[in-house]
Amino acid sequence: MNPSALSITDGMVVTFRYTMSLDDGEIVAGAAGPETITYLHGEGALLPGLEDALYGLKAGQRKAITLAPHEAYGELDEDAWELVPLSEFPPDLELEPGMALEIHDDEMDEIYEAYVAQISDEGVLLDFNHPLAGETLHFQIEVLDVRPATREELEHGHPHTGGHAH
Ligand code: ZN
């Protein structure tokens, strides 16, 4: 490791490789090989707990990071399930358990993301929790690159590498 290498702090463009697994060992990201992310540090692009844990790391360093549910996708909300009659869904929609749906609430005029938990004659049980709510997440991180963001990247709040150009 190069001792003069830049450390991760706000305004740095960081590239890292990672895998993410659950308490039971199930790998939910990077199962087929680590995934790579490039992001601008300090802009809230990552889970807040993850971004905090990366402060001060340099290219070439590895770190194991564990995030409790409240630092990751939140606790499981037991009231966030709702049974919706089948007649409320478009007839040509092929519903499958685990499928993500956007539900439009006419009264609130808002769109919510929900997941199909169960399908029965009574209707479709929708889960409004994030699929990783209630999970403790275990990350294995390897920092590949740390560089200062350009002025344009700072203005946009995101990096311009990795196919992103405008
Ligand atoms: Zn941009």
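Since the structure is predicted, the reported quantities are computational estimates derived from the model, not experimental observations. (Residues numbered from 1 in each chain as written. Predicted model: local features only at pLDDT ≥ 70, side-chain atom pairs only at ≥ 80, totals over all residues. Heavy atoms only, no water.)

Let us look at the packing of aromatic side chains. Here the structure, examined in full by the defined rule, presents 4 aromatic pairs. Measuring from ring centre to ring centre gives 6.3 Å for Tyr18 and Phe139, while their planes differ by 45°; the resulting arrangement is tilted. With Tyr18 in strand 1 (residues 12-21) and Phe139 in strand 9 (residues 137-148), this pair connects stretches of sequence that are 121 residues apart. The same class applies to Tyr18 as to Phe139, namely buried. Their ring planes at 85° and their centres at 6.3 Å tell us that Tyr112 and Phe128 sit as a pair that is edge-to-face. Taken as a pair, Tyr112 in strand 7 (residues 110-120) and Phe128 in the loop between strand 8 (123-127) and strand 9 lie far apart in primary sequence, 16 residues in all. (Phe/Tyr/Trp six-rings, centres within 6.5 Å; stacked < 30°, edge-to-face > 60°. Helix = DSSP H or I, 4+ residues; strand = E, 2+ residues; numbered from the N terminus. Buried < 20%, exposed > 50% of the residue type's maximum accessible area, 1.4 Å probe, protein only.)

Pairing analysis gives 6 bridges linking strand 6 (residues 100-105) to strand 7, with the strands arranged antiparallel. Of the residues in strand 7, the one forming a bridge with Leu101 is Ala114. (Pairing = 2+ DSSP bridges.)

Before going further, it helps to spend a moment on the pairing of strand 7. In sequence, strand 6 turns back onto strand 7 through a hairpin of 4 residues, with Asp109 there showing a positive phi of about 50°. Both strand 7 and strand 8 contribute to a ladder of 5 bridges, which runs antiparallel. Across the sheet, the residue bridging to Ser120 is Gly123, located in strand 8. Connecting strand 7 to the antiparallel partner strand 8 that follows it, the hairpin turn spans 2 residues.

What follows deals with the nonpolar core. Phe16, Leu50, Leu54, Phe139 and Ile141 are the most contacted members of the largest nonpolar core, which totals 24 residues. Those elements giving two or more residues to this core turn out to be strand 1, helix 1 (48-54), strand 4 (62-67) and strand 9. When residues no more than four places from it in sequence are discounted, the contact partners of Phe16 are Glu35, Thr36, Ile37, Tyr39, Leu46, Leu50, Leu54, Ile141, Glu142, Val143 and Leu144. If you look at the next biggest cluster of nonpolar residues, it comprises 8 residues, including Val84, Leu101, Val124 and Leu126. (Core = buried A, V, L, I, M, F, W, Y, C linked by side-chain atoms within 4.5 Å. Contact = heavy atoms within 4.5 Å.)

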